[in-house]
Amino acid sequence: MLLIKGGNIIGALEEGVDILIEDGKIVEIRKNIKQTADMNILNAEGFVVAPGLVDVHVHFREPGFEYKEDILTGAAAAAAGGVTTCLCMPNTSPVADNAETISYIANKAKEAPVTVLPIGAITVGLGGKELTDFSKLAGAGAVALSDDGNPIQNAKLVRTAMKKAKEIGLIIISHCEDDEIAQNYAVNEGAVSRALGIPGRPAIAEEIMVARDILLARETGAKVHIAHVSTAASVAMIRAAKAQGIAVTAETCPQYFSLTEEEVLRQGTLARVNPPLRTEADVAGIIEGLSDKTIDIIATDHAPHAKEEKAQSIEDAPSGLIGLETSLALALTNLYHTKRLSIKEIIELMATNPARIFGLRAGSLRIGAIADIVIFDPSEQWCVSPEQLKSKAVNTPFGGMQLYGRVKYTISRGRVVYKD
């Protein structure tokens, strides 16, 4: 048995509440639970106790790209960031477009310190031409469907995919970009692309596809989740769609409310991410969308790359940054300590909402629930040191930054899997 003593529990009416865990589940929540000799005691006095975070957008690279990250190192990074459930994107090698690869990921995940769940590909080989067998993917353990990283350009195929996904009850995660406009350009089209003398990736490449998928969601009635929203106009369209009752949800990532395109001039390829970092006006729009609940989820899009890959030119280096170990601190630093959001609202965005939207047994502190818990100090300051992170990769633009909010303990299925 594990007894968490004296924490400030998210959702409780008062501080100094205890949680008793037995056989991986929460069995009691109240003040002054009596200690017994067979209990392991964890002192949480002065700390926030919250549901373990749920990250619905990570790339753990296994199978096929284990030199960047693997399921176990990615899960260790998650534990260090207070994340107890991760959903892995299917752009592996082989692609997670078949039951065998989904089963491989699910079986390897049994060794991980946190819960790792696979997302199945929408199209065969992420090629955007032929739909996968959604039922077989679901049967093997896929909890959602996405071609993230390879946005599907064919609207007819997306429409069919939405109808089929609705039939079997899976959510479509949509990477919204028009390839012909985006062209895999490295940075946002604007002042920074002009300063670098290179073509830019315009905001309209995202926005035109957000509009398309909202319309398709309205027409099909399918549940559609829009990934890594980065522009103010995208937020406005999602807000309008929700007002019409369209079954669309959305996520953003910490980089889109913490950084602007100017970071590329300071950090080069470490700040190359897809979609790209945008303008100050877009950052303000993202924060507004988080504040008024237009955006439902904060996810990381944790995308590890090897040092030599990021050492290439800004035009040739791959897009992506690691984010599992900094996501909570970035949210607390940029949203809570700036008085934009409460801690409770941040936990809703990072735990409660993602669990609810994706139908996961996670995201709550209640008697009978699986004991997935993060304990953190919201005001402790620390400096991000990339080489000390648990991930295999170090491609983060947040290195050297002073952040507020330190994870002290992470508990997964009743077991302490991280201690600061």
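An account of the accompanying structure is given in this report. (Residues numbered from 1 in each chain as written. Predicted model: local features only at pLDDT ≥ 70, side-chain atom pairs only at ≥ 80, totals over all residues. Heavy atoms only, no water.)

## Considering the overall build of the protein chain
Part 1 of the argument: What the protein chain contains, in helices and strands, is 14 helices and 18 strands.
Part 2 of the argument: Relative to the compact-globule value of 22 Å for 420 residues, the protein chain shows a C-alpha radius of gyration of 21 Å, a close match.
Part 3 of the argument: Taken along the three principal axes of its C-alpha coordinates, the protein chain extends 65 × 45 × 45 Å.
Part 4 of the argument: Of the contacts made within the protein chain by residues no fewer than 6 positions apart, 75% connect residues no fewer than 24 positions apart.
Part 5 of the argument: Put simply, the protein chain shows about 16100 Å² of open surface, and 49% of that area lies on carbon and sulfur atoms.
Part 6 of the argument: Between the mean site of the 42 positive side-chain charges and the mean site of the 52 negative ones, the protein chain shows a separation of 5 Å. (Helix = DSSP H or I, 4+ residues; strand = E, 2+ residues; numbered from the N terminus. Rg over C-alpha atoms; globule rule 2.2 N^0.38 Å. Contact = heavy atoms within 4.5 Å. Areas by Shrake-Rupley, 256 points an atom, 1.4 Å probe, with all protein chains shown as cover. Lys, Arg positive; Asp, Glu negative; His and termini not counted. Charge placed at Lys NZ, Arg CZ, Asp CG, Glu CD.)

## Regarding the pairing of strand β14 (residues 248-252)
Each regular strand displays side chains that alternate between the two surfaces of the sheet.
Part 1 of the argument: Of all five residues making up β14, five are buried, and the element is well covered by its neighbours.
Part 2 of the argument: Two elements, strand β13 (residues 224-226) and β14, share three bridges in a ladder whose sense is parallel. Its bridge partner lying in β14, Ile226 is registered against Ala250.
Part 3 of the argument: At this point the chain moves from β13, through helix α8 (residues 232-243), to the parallel β14, and the crossover so formed is right-handed.
Part 4 of the argument: Direction of pairing for β14 relative to strand β15 (residues 297-298): parallel, over a ladder of two bridges. Across the sheet, Glu251 pairs through a bridge with Ile297, a residue of β15. (Buried < 20%, exposed > 50% of the residue type's maximum accessible area, 1.4 Å probe, protein only. Pairing = 2+ DSSP bridges. Right-handed = clockwise from strand over helix to strand, strands pointing away.)

## Regarding the pattern of salt bridges
Part 1 of the argument: Here the structure, examined in full by the defined rule, presents 19 salt bridges.
Part 2 of the argument: The partner of Glu219 in a salt bridge is Arg159, and the shortest N-O contact between them spans 2.8 Å. Pair noted here: Glu219 is in helix α7 (residues 203-220) and Arg159 is in helix α4 (residues 155-168), with a separation of 60 residues, a long-range link.
Part 3 of the argument: With relative accessibility at 45%, the residue Glu219 sits in the partly exposed group.
Part 4 of the argument: Given a relative accessible area of 33%, Arg159 falls into the partly exposed group. (Salt bridge = Lys/Arg side-chain N within 4 Å of Asp/Glu carboxyl O.)

## What about unusual backbone geometry?
Part 1 of the argument: Cis rather than trans, the peptide bond between Ser93 and Pro94 has omega equal to 5°.
Part 2 of the argument: Mapped onto the elements of the fold, Pro94 is located in the loop between β7 (83-88) and α2 (99-108).
Part 3 of the argument: Between Asn274 and Pro275 the backbone carries a cis peptide bond, its omega angle lying at -5°.
Part 4 of the argument: Topologically, Pro275 is positioned in the loop between α10 (263-267) and α11 (280-291).
Part 5 of the argument: Of note in this structure, His228 is not a glycine but carries a positive phi near 30°.
Part 6 of the argument: Here His228 is to be found in the loop between β13 and α8.
Part 7 of the argument: Looking at His228, the relative accessible area reads 2%, which means it is buried.
Part 8 of the argument: The phi dihedral of Arg413 is positive, around 55°, even though this residue is not glycine.
Part 9 of the argument: In this structure, Arg413 sits in the loop between β17 (402-412) and β18 (415-419).

## Topic: the sheet that holds β7
Part 1 of the argument: Judged by pairing direction, the sheet is parallel, and its three strands sit side by side in the order β6-β7-β8 without closing on themselves. Since the sheet does not close on itself, it has two edges, and those belong to β6 (53-58) and β8 (115-118), each with one partner. Each adjacent strand pair in this sheet contributes to an overall mean axis angle of 20°, direction not counted.
Part 2 of the argument: Two elements, β6 and β7, share four bridges in a ladder whose sense is parallel. Each residue of the ladder has a partner; that of Val58, found in β7, is Cys88. (Axes fitted to C-alpha atoms, helices over the stretch in contact; angles between N-to-C directions.)

## Remarks on empty space enclosed by the protein
Part 1 of the argument: Within the structure shown, the criterion is met by four cavities of 30 Å³ or more.
Part 2 of the argument: In this structure, the largest cavity is lined by 13 residues; those nearest its centre are Ile122, Ile152, Val158, Ile172 and Ser174.
Part 3 of the argument: If you list the elements that add at least two residues to the lining of the largest cavity, you get α4, β10 (172-174) and α7.
Part 4 of the argument: Grouping the amino acids of the lining of the largest cavity by side-chain chemistry returns eight nonpolar, two polar and three charged.
Part 5 of the argument: Roughly 40 Å³ of internal volume is contained in the second largest cavity.
Part 6 of the argument: Taken together, Leu53, Val54, Asp55, Val83, Ile298, Ala299, Thr300, Ser327 and Met350 make up the full set of residues lining the second largest cavity.
Part 7 of the argument: By residue number, the principal contributor to the lining of the second largest cavity is β6, which donates three residues. (1 Å grid on protein atoms, 1.4 Å probe; cavity = no way out; pocket = protein on both sides within 12 Å on 5 of 7 lines; lining within 4 Å. Points joined across faces, edges and corners; volume = space filled by probe spheres on them. Nonpolar A, V, L, I, M, F, W, Y, C, P; charged D, E, K, R; others polar.)

## Side note on the layout of surface pockets
Part 1 of the argument: Looking at the largest pocket, its volume works out to about 550 Å³.
Part 2 of the argument: If you go around the largest pocket, you meet 28 residues; those closest to its centre are Asn91, Gly149, Asn274, His305 and Ser319.
Part 3 of the argument: Broken down by class, the residue content of the lining of the largest pocket amounts to six nonpolar, twelve polar and ten charged.
Part 4 of the argument: In this structure, the second largest pocket spans a volume of roughly 290 Å³.

## Focus: the environment of Lys68
Part 1 of the argument: Note that Lys68 resides in the loop between β6 and α1 (71-80).
Part 2 of the argument: Considered as a pair, Lys68 and Lys307 are 239 residues apart in the sequence and their alpha carbons are 9.0 Å apart.
Part 3 of the argument: Residues within four places of Lys68 in sequence aside, it is in contact with Arg61, Pro304, His305, Ala306, Glu309, Lys392 and Ala393.
Part 4 of the argument: A distance of 2.9 Å separates a polar atom in the side chain of Lys68 from a polar atom in the side chain of His305.
Part 5 of the argument: A polar contact of 2.9 Å, which involves the side chain of Lys68, links it to the side chain of Glu309. (Polar contact = N/O pair within 3.5 Å; in protein donor to acceptor, adjacent residues only side chain to side chain.)

## What to know about the sheet that holds β10
Part 1 of the argument: Across the sheet, five strands lie side by side as β9-β10-β13-β14-β15; this open sheet has parallel pairing. Two strands in the sheet have a free side with no partner beyond their single neighbour: β9 (145-146) and β15.
Part 2 of the argument: Where β9 lies against β10, two bridges are found, and the strand directions are parallel. Across the sheet, residue Leu145 finds its bridge partner in β10, namely Ile172.

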